[in-house]
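Okay, here's what each chain looks like letter by letter:
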Amino acid sequence: MMERTLGLIRDVPDYPQPGVLFKDITPLLADPAGFAAVVDEISGLFDSDKIVGIEARGFILAAPVAYKAQAGFVPVRKKGKLPAETLEESYDLEYGSATIEVHRDAFAPGDRVLIVDDVLATGGTAAATVELVRRAGAEVVGVAVLMELAFLKGRERLPGVEVRALLTV
């Protein structure tokens, strides 16, 4: 089932710029059985109190994973999108930098937190999210992604963090 499910990921050449092969998950999300299989698989990977979803596609996976795992859902958003007091972390991208935030009170001390995203690429966003969770007083139990782009070596930016990917390309 998982092989068929992962076969629903479409390759889009030259998007968002020439030379990039974009992995489009929208056909997978549109397939009820495929989407359910991914949510079921990720929800069983780690035991956690809270599931963090990284804006924006991480929300699509993390919210149903949190529901299935009977855990709380916490959004990590781009700077300026959260209404209450936040912690923020900046990181470098291939083409610039970005800042993400989480509500300062999103976690109780000692919460066990799983970070969920669609893709692990260079690891910058995931590493910044790990730092935010730790600064908020919670424990990162792992990072789970639908797909890891291994050639970009993002896992190397997450030393000491268990990373699990359903698909590695």
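Residues numbered from 1 in each chain as written. Predicted model: local features only at pLDDT ≥ 70, side-chain atom pairs only at ≥ 80, totals over all residues. Heavy atoms only, no water.

Caption draft 1: Structural context of the overall build of the protein chain. A count of helical and extended segments in the protein chain gives 5 helices and 9 strands. Going residue by residue from the N terminus, the α and β elements of the protein chain occur as α-β-β-α-α-β-α-β-β-β-β-α-β-β. In terms of overall dimensions, the protein chain is globule-like: its C-alpha atoms have a radius of gyration of 15 Å, near the 15 Å expected for 169 residues. Judged by the C-alpha coordinates and their principal axes, the protein chain covers about 40 × 35 × 30 Å. For the protein chain, contacts bridging at least 24 residues in sequence account for 58% of all contacts bridging at least 6. (Helix = DSSP H or I, 4+ residues; strand = E, 2+ residues; numbered from the N terminus. Rg over C-alpha atoms; globule rule 2.2 N^0.38 Å. Contact = heavy atoms within 4.5 Å.)

Caption draft 2: Inspection of the pattern of salt bridges at higher detail. In total, this model carries 13 salt bridges according to the counting rule given. A salt bridge links R10 to D24; its shortest N-O distance comes to 2.7 Å. You can see R10 sitting in strand β1 (residues 10-13) and its partner D24 sitting in strand β2 (residues 21-24), a full 14 residues away along the chain. K79 is the salt-bridge partner of E88, the closest N and O atoms lying 2.5 Å from each other. (Salt bridge = Lys/Arg side-chain N within 4 Å of Asp/Glu carboxyl O.)

Caption draft 3: Layout of helix α3 (residues 32-43). Across its 12 residues, α3 extends 16 Å between first and last C-alpha, which sits within 8% of the 16 Å expected from 1.5 Å per residue. All of the buried residues in α3 are G34, A37, V38, V39, I42 and S43. Considering only its buried residues, α3 is in contact with α1 (2-6), α2 (26-30), α4 (57-69), β7 (112-120), β8 (139-148) and β9 (163-168). (Expected span 1.5 Å × (residues − 1). Buried < 20%, exposed > 50% of the residue type's maximum accessible area, 1.4 Å probe, protein only.)

Caption draft 4: Structural detail: the packing of aromatic side chains. Within this structure, the stated rule accounts for 2 aromatic pairs. On the numbers, 5.2 Å between centres and 80° between planes, the contact of Y15 with F22 is edge-to-face. Ring centres of F59 and F73 lie 6.1 Å apart, and the angle between their planes is 90°; on these two criteria the pair is classed as edge-to-face. A residue pair is termed long-range when its members are at least 10 positions apart, and F59 in helix α4 and F73 in strand β4 (residues 72-78) qualify at 14 residues. In this arrangement the basic side chain of R164 is found over the ring face of F46, its NZ or CZ atom lying 4.5 Å from the centre. (Phe/Tyr/Trp six-rings, centres within 6.5 Å; stacked < 30°, edge-to-face > 60°. Lys NZ or Arg CZ within 6 Å of the ring centre and 35° of its normal.)

Caption draft 5: Geometry of the packing of α3 against α4. Running from N to C, α3 and α4 point in directions that differ by 60°, and their axes come no closer than 9 Å. As α3 packs across α4, the resulting crossing turns out to be right-handed. Residue-level inspection shows F35, V38, V39, D40, I42 and S43 of α3 in contact with α4, the latter providing I60, L61, P64, V65, K68 and A69. When grouped by side-chain class, the residues that make up the contact of α3 with α4 number 9 nonpolar, 1 polar and 2 charged. (Axes fitted to C-alpha atoms, helices over the stretch in contact; angles between N-to-C directions. Left-handed = near helix turned anticlockwise from the far one by under 90°. Nonpolar A, V, L, I, M, F, W, Y, C, P; charged D, E, K, R; others polar.)

Caption draft 6: Seen up close, the sheet that holds β8. Reading across from one edge, β5-β6-β4-β3-β7-β8-β9 is the order of the 7 strands in this open sheet, with mixed pairing throughout. Each edge of the open sheet carries a strand with a single partner, namely β5 (86-93) and β9. Adjacent strand axes in the sheet meet at a mean angle of 25°, parallel and antiparallel pairs treated alike. Direction of pairing for β5 relative to strand β6 (residues 96-103): antiparallel, over a ladder of 8 bridges. Opposite D92, over in β6, you have S97 as the bridge partner. In the packing of α3 onto the sheet, the strands contacted are β7, β8 and β9, and the crossing angle to β9 comes to about 155°. (Pairing = 2+ DSSP bridges.)

Caption draft 7: Main features of the nonpolar core. Judged by nonpolar contacts, the single largest core of 26 residues is most densely connected at V52, V102, F107, I115 and V133. Listed by contribution, the elements that provide at least two residues to this core are β3 (50-54), β4, β5, β6, β7, α5 (124-135) and β8. The contacts of F107, once residues within four sequence positions are left out, are K50, V52, V74, V102, V113, V133, A136 and A138. Counting residues in each nonpolar core, the second largest holds 24 residues, with L6, I25, L45 and M147 among its members. (Core = buried A, V, L, I, M, F, W, Y, C linked by side-chain atoms within 4.5 Å.)

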